[in-house]
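# Descriptive analysis of the structure
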Amino acid sequence: MKITKIETFVCNARMRNWIFVKVLTDQPGLYGWGEATLEWHTRGVLGSIQDLEPLLIGEDPTRVEYLWQIMYRQHFWHGNGITRATAISGIDIALWDIVGKVHGVPCHRLWGGPVRDYVRLYSHLGGGKMEDFYETTPSDASRFADLAQKAVADGFTAFKTMAVPETAPLEGLKPIKYAEACVRAMRDAVGDDIDIMVDCHARPSPRMGHLFAKALEPYGLYWFEEPCWPEVTEDIASIQRSVTTPIATGERLSGVHAFRDLLEKRACSVIQPDLTHCGGLSEGRKIAALAESYRVSMAPHNPQGPVSTAASIEFGFATPSYIICEAVHRDVPWRQDIVAEGFEIDRKGRLVRPNSRPGLGIEINEKEILKHPFEQELPQRSFYADGSVGDW
Ligand SMILES: [Mg+2]
């Protein structure tokens, strides 16, 4: 069995363009689907996949680890750079889909079988429209409370919000009080049985992140995510040590070595590798093994497209430390036109039951993709009150 071709398909999904990777083989009807979505870098990832293709043509697609080593270690640059890491990840996911199909079992059966009965999902506060999607901060506490109640009415027992406003490197009490009022309103609205997560998108400075974490500590967050600028692990570790709230981070990291640094410094309670950036399912499994040795939980970052979600679900069924899956179901109305999924969702509790189809259990409708060609993502720009550049 040989790899004959690697195709890519770009499907616009409003705030990002999904990149689907199809690895074809010389066996009739045998191919695998992966995903390598990287917002604002679509063309770079497509180029990286083209650059990797000559390394793979003619190779046996079931030698997944061998091919991962080739993609990472050859051509000199050791998988460096987020576009290359994302390209490797997308191809790796597709190779695992092929292996599952060859053996006629879902991917999680390849990795030892299911370790749980279901995977729990969490929602973002927001609807299908761009302006109220989760990246956009609602304007006041009552709006947060309304959105929180809506998520619970939809069956979710956990949700994530961006209740922390953008701030300059140092600001006074106002943004702290704002964040506290928003989280208090959500807690009051949904009670103690619902898990609330707050994502800072790594926008606060280390000191502002510290102040936000302290202010929100009484509200019993399930986790507090990317609390400050990501460049210095010690800053994140300092926040983790200063509060009882679990700190979550890792969506910007790729490769097991980056996660080793995070774990060695005891910087978080939850790691969030993105399977489409961290090196795919192969590297994700190594990161999971490392995290387990530190008894740190895993909750992979998953705001991308449907192949990413299928990969995360398969991963979750085979990974003991996996606690919850990020669910995106209202980003674009054509999501369900693009994919047929193998897993089933219990709408009442937003729990996913295992997929029984081979591989990732999905099929992608290539004709539907053609209806949503690439569109340049909207620039997301952030400036502080004095006009200096902030983080988005
Ligand atoms: Mg995040």
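A quick note: this is a predicted structure, and the numbers were derived from the prediction, not measured. (Residues numbered from 1 in each chain as written. Predicted model: local features only at pLDDT ≥ 70, side-chain atom pairs only at ≥ 80, totals over all residues. Heavy atoms only, no water.)

### Here we look at the nonpolar core
What counts is decided by this rule: Side-chain atoms within 4.5 Å are what join buried Ala, Val, Leu, Ile, Met, Phe, Trp, Tyr and Cys residues into a set we call a nonpolar core. Burial classes follow relative accessibility: with a 1.4 Å probe on protein chains only, a residue under 20% of its type's maximum area counts as buried, one over 50% as exposed, and anything between as partly exposed. Strands here are runs of E lasting at least two residues and helices are runs of H or I lasting at least four, both read from the DSSP assignment and numbered beginning at the N terminus. The source of the domain bounds is an automatic or database domain assignment. Note on contacts: a residue pair qualifies if any of its non-hydrogen atoms lie within 4.5 Å across the two residues.
With 107 residues, the main nonpolar core has F20, I91, F224 and I271 as its most contacted residues. It is helix α3 (residues 82-103) that provides the largest number of residues to this core, a total of nine residues. Both domains that furnish three or more residues to this core are identified here as domain 1 (3-105) and domain 2 (109-359). Those residues in contact with F224 that sit more than four places away from it in its chain are V164, V198, C200, G209, F212, A213, L216, T245, P246, I247 and A248. Residues Y122, M197, V270 and I324 belong to the second largest nonpolar core, which totals eight residues.

### Some details on unusual backbone geometry
Positive phi outside glycine occurs at R14, with the angle close to 65 degrees. Topologically, R14 is positioned in the loop between β1 (3-12) and β2 (17-25).

### Considerations on the coordination of the magnesium ion
To keep it simple, the criterion reads: Atoms of type N, O and S within 2.8 Å of a metal are treated as its donors, and for Na, K and Ca the window is 3.2 Å; water is not considered, so some sites may appear to be missing partners.
Surrounding the magnesium ion are the protein donor atoms D199 (OD), E225 (OE) and E251 (OE), at 2.0 to 2.3 Å. One chain supplies every donor to the magnesium ion, and in sequence these donors are spaced D-x25-E-x25-E. With D199 in strand β6 (residues 195-199) and E225 in strand β7 (residues 223-225), this residue pair connects regions lying 26 residues apart in the sequence. Summarising the burial analysis for this pair, D199 and E225 share the class buried.

### A short note on the domain arrangement of the chain
Cut-off, in case you're wondering: By buried area we mean the combined loss of accessible area, with a 1.4 Å probe, across both parts when two parts are placed together. Salt bridge criterion: a side-chain nitrogen from Lys or Arg within 4 Å of a carboxyl oxygen from Asp or Glu. Counting of polar contacts relies on pairs of N or O atoms within 3.5 Å, with two restrictions inside protein: one atom must be capable of donating a hydrogen and the other of accepting it, and residues adjacent in sequence are counted only when both atoms are side-chain atoms. Lys, Arg, Asp and Glu make up the charged group, whereas Ala, Val, Leu, Ile, Met, Phe, Trp, Tyr, Cys and Pro make up the nonpolar group; the residues left over, Gly among them, are polar.
Segmenting the chain into domains produces domain 1 (3-105) and domain 2 (109-359). A straight line from the C-alpha centre of domain 1 to that of domain 2 covers 25 Å. A combined buried area of about 2,700 Å² lies between domain 1 and domain 2, and 65% of that area is made up of carbon and sulfur atoms. Among the residues of domain 1 in contact with domain 2, R14, W18 and W96 are the three that bury the most area, contributing 23% of the side total. Viewed at the interface, domain 2 and domain 1 are joined by one salt bridge. Remark: the boundary between domain 1 and domain 2 carries 16 residue pairs in polar contact (both at pLDDT 80 or more). Mapped by element, the contributors of at least two residues to the side of domain 1 that touches domain 2 are β1, β2, β3 (31-35), α2 (64-73) and α3. For the side of domain 1 that touches domain 2, the leading source of residues is α3, giving twelve residues. Looking at the side of domain 1 that touches domain 2 residue by residue, the class counts come to 15 nonpolar, nine polar and eight charged.

### Remarks on the packing of helix α1 (residues 42-56) against α3
This is how the line gets drawn: Here an angle of 0 to 180 degrees is reported between the N-to-C directions of two axes, which are lines fitted to C-alpha atoms, with helices fitted over the stretch in contact. We call two directions roughly parallel when the angle between them is under 35 degrees, roughly antiparallel when it is over 145, roughly perpendicular when it lies between 65 and 115, and oblique otherwise. Each crossing gets its handedness from the near helix: less than a right angle anticlockwise from the far helix is left-handed, clockwise is right-handed.
For the pair α1 and α3, the least separation of the axes is 8 Å and the interaxial angle reads 60 degrees. Classed by the angle they form, the pair α1 and α3 counts as oblique. Crossing angle aside, the handedness with which α1 passes α3 is right-handed. Contacts from G44, V45, S48, I49, L52 and L56 of α1 reach α3 at T83, R84, T86, A87, I88 and I91. For the contact of α1 with α3, the residue count by class is seven nonpolar, four polar and one charged.

### What about the confidence of the model for the chain?
Formally: The score called pLDDT rates the predictor's confidence residue by residue, from a low of 0 to a high of 100.
Scored by pLDDT, the chain has a mean of 93; 96% of the residues are at 70 or more. For residues 127-136, every residue scores under 50 in pLDDT, and the model assigns this stretch 27 contacts once sequence neighbours within four places are set aside.

### Describing the sheet that holds β1
The line we're drawing: Two strands form a pair only when DSSP identifies at least two bridges running between them.
The antiparallel open sheet is built from three strands, whose spatial order is β1-β2-β3. Of all the strands in the sheet, just β1 and β3 have a single pairing partner and so form its edges. Adjacent strand axes in the sheet meet at a mean angle of 20 degrees, parallel and antiparallel pairs treated alike. Helix α11 (residues 306-318) contacts β2 and β3 of the sheet and is inclined by roughly 100 degrees relative to β3.

### Considerations on the state of the cysteines
Each disulfide consists of a covalent bond between the sulfur atoms of two cysteine residues. This is how the line gets drawn: When two cysteine sulfur atoms lie within 2.5 Å, the pair is treated as a disulfide.
Tallying each qualifying case throughout the model produces zero disulfides. Counting only cysteine sulfurs, C228 is the nearest neighbor of C200, a cysteine outside any disulfide, at a range of 8.7 Å. Owing to a relative accessible area of 1%, C200 belongs among the buried residues under this scheme. Between C325, a cysteine without a disulfide, and C278, which holds the nearest cysteine sulfur, the sulfur-to-sulfur distance is 14 Å.

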